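Below are the chains, spelled out letter by letter.
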Amino acid sequence: MRMLLRGAAALAAVVTVASLTSGAAAHPRAEGAAGTIKSSAAAQIPPGVTAGVAVFDRQTGTFTEQVNDSAQFRSASVVKLLLVLDFLWGRGPDYVIPAADRARLEPMLRGSDDDAANHYWSTYGGSAIIKRMLDRPEVGLRDTVAPPAEYAGFWGYTAMSARDTVAVYRYILEKAPAPVRTFIMDNLRRSTRCSATDHFDQHFGIAGSFDRPWAVKQGWSGKFAKGTCGSQAAPAATPAESAAAPRGAAAVDLTRPALHTTGTVGANDRTIVAVLTLHATGTTYGKAYTDIGRLTRSLNVPGGVRPAGTWFGTWGELVNVRRGPATGDERITRLPAGVEVLVGCQTRGEVVSVPPYTNDWWAYLPQYGGYISNIYISSPDNRLPNVPECGSPRP
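Here the structure is a predicted model, which is why all the values come from computation and not from measurement.

Rules and cut-offs
- Residues numbered from 1 in each chain as written.
- Predicted model: local features only at pLDDT ≥ 70, side-chain atom pairs only at ≥ 80, totals over all residues.
- Heavy atoms only, no water.
- Helix = DSSP H or I, 4+ residues; strand = E, 2+ residues; numbered from the N terminus.
- Contact = heavy atoms within 4.5 Å.
- Areas by Shrake-Rupley, 256 points an atom, 1.4 Å probe, with all protein chains shown as cover.
- Phe/Tyr/Trp six-rings, centres within 6.5 Å; stacked < 30°, edge-to-face > 60°.
- Buried < 20%, exposed > 50% of the residue type's maximum accessible area, 1.4 Å probe, protein only.
- Lys NZ or Arg CZ within 6 Å of the ring centre and 35° of its normal.
- Disulfide = S-S within 2.5 Å.
- Salt bridge = Lys/Arg side-chain N within 4 Å of Asp/Glu carboxyl O.
- Arc of directions from axis to C-beta.

Description of the overall build of the protein chain
Here is step 1: Secondary structure summary: the protein chain contains nine helices and 14 strands in total.
Here is step 2: In the protein chain, the share of contacts with a sequence separation of at least 24, taken over all contacts with a separation of at least 6, comes to 71%.
Here is step 3: Carbon and sulfur atoms make up 52% of the accessible area of the protein chain, which totals about 15000 Å².

Here you go:
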């Protein structure tokens, strides 16, 4: 779901440096590098984060993680799973999805397209969709609630829990007709890094914590400061539902920024993961992205393969990820401000200067397929510790 960006006045204060980044802040290099975060049998919830967590191992039929798993969160775009299930319900194994609907459903699942969700919500009854899904015992929803009456048009205000999210995936994988399962899961496996509507980087949480195979449906809602991606890194619009703080919503928090990562991890969709989070008002997208990543990496996820590399914090505003280690190379995307990144290796390249610092080392980010100057990585030395040179074996 779309998020609010800071205004042009904030952008005007950003310092442009050698076309590598659209801005810089006070250099935090003395803070030191972030070490590799190891997995844990218990969820590690960062300070200031409210979380509901459920991890279900389909191979053993047991939960490996359950933390506040029945707590209700506004679903944001996770509810799109219910929208597509409702649309496809009872249409028969030979049903062919019309081209016009396929053109909406695929971007809705892969890129979290909001316009498509608006279409299905308004066309098929809004909150009646949620009631129909609640009335279907094979889905097994227990905590899901339609949006409050005063926000009936806001599908993202549907309340869901982590355990209900697991139930939805279990229905898709274990009970839904094969064509429905194939259509949904194939599209979730093709999740795009940039969301379709607002160009936010949606490969946080599960997508950043594990190597493929995975399939994800992410969700975000609220006023985050900056989190755009793509070569253009266009500013995102603010959705109507987060343009003003809602009132009269006591049961489910509709105001704090929400960031959710849900999906499956491992061969044959072995493990279902649902991590629903709320963050303090004013939290930047980069911090929320980092916090949900750390939480997800702490979980016991059978069948999940951790990507090779070391996690480091970054600084700077919309730092460019380049195809090669030079400011003139093609820009692949821009990083959300302050986001933590996985570094696979490092190499020497163009000298970058942010007075009083200069650095000719560049870090390769395997999850982006490109490089950033080490000058924007929070480490006290130009050359990152315990990171091999590209082309060399890891120490």
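Details of the packing of aromatic side chains
Here is step 1: A complete count under the given rule lists 14 aromatic pairs for this structure.
Here is step 2: Pairing phenylalanine 200 with tyrosine 285 gives two aromatic rings, centres 5.4 Å apart and planes at 80°, and the pair type is edge-to-face. One end of the pair, phenylalanine 200, is in the loop between helix 7 (178-189) and helix 8 (206-209); the other, tyrosine 285, is in helix 9 (residues 285-297), with 85 residues separating them in the sequence.
Here is step 3: Accessibility expressed as a relative area gives 0% for phenylalanine 200, which makes it buried.
Here is step 4: The class of tyrosine 285 is buried, set by a relative accessible area of 0%.
Here is step 5: Between tyrosine 285 and tyrosine 289, the aromatic rings sit 5.9 Å apart at their centres with planes inclined by 70°, giving edge-to-face as the arrangement. Within this pair, tyrosine 285 and its partner tyrosine 289 are both found in helix 9, separated by four residues, close to a single helical turn.
Here is step 6: The structure contains a cluster of three or more aromatic residues connected by ring pairs, namely Phe200, Phe204, Trp220, Tyr285 and Tyr289.
Here is step 7: Against the face of tryptophan 361 rests arginine 383, its NZ or CZ located 5.1 Å from the ring centre.

A word on the state of the cysteines
A covalent bond bridging the sulfur atoms of two cysteines is what the word disulfide describes.
Here is step 1: A full pass over the atoms with the stated rule returns one disulfide.
Here is step 2: The disulfide that involves cysteine 345 links it to cysteine 390, with 2.1 Å between the sulfurs. Since a negative S-S torsion denotes a left-handed disulfide, the cysteine 345-cysteine 390 link at about 90° is right-handed. Note that cysteine 345 is positioned in strand 12 (residues 345-354) and cysteine 390 in the segment after strand 14 (370-373), a separation of 45 residues in sequence.
Here is step 3: For cysteine 345, a relative accessible area of 13% corresponds to the buried category.

Things to note about unusual backbone geometry
Here is step 1: Residue arginine 212 is joined to proline 213 through a cis peptide bond whose omega torsion reads 15°.
Here is step 2: The omega torsion across proline 355 and proline 356 is 10°, close enough to zero to call that bond cis.
Here is step 3: Relative to the assigned elements, proline 356 resides in the loop between strand 12 and strand 13 (357-365).
Here is step 4: You will see that serine 112, though not glycine, has its phi angle at about 60°, which is positive.
Here is step 5: Mapped onto the elements, serine 112 comes out in the loop between helix 3 (99-110) and helix 4 (114-123).

Considering the pattern of salt bridges
Here is step 1: What the rule picks out here adds up to 21 salt bridges.
Here is step 2: The residue arginine 104 makes a salt bridge to aspartate 101 at a minimum N-O spacing of 3.8 Å. Of this pair, arginine 104 and aspartate 101 are both found in helix 3, three residues apart, which corresponds to roughly one turn of the helix.
Here is step 3: Glutamate 340 serves as the salt-bridge partner of arginine 297, at 2.8 Å between the closest nitrogen and oxygen. Residue arginine 297 is found in helix 9, and its partner glutamate 340 is found in the loop between strand 10 (331-334) and strand 11 (341-343); the two are separated by 43 residues along the sequence.
Here is step 4: On the basis of relative accessible area, glutamate 340 is assigned to the buried category, the value being 4%.
Here is step 5: It is possible to trace a salt-bridge network through shared partners that takes in Arg58, Arg170 and Glu174.

So, helix 5 (residues 127-134)
Here is step 1: When we look at burial in helix 5, the residues that qualify are Ile129, Ile130 and Met133. Along the axis of helix 5, the buried positions cluster into a sector of 100°, meaning they face one direction only.
Here is step 2: Against the buried residues of helix 5 lie helix 2 (80-88) and helix 4.

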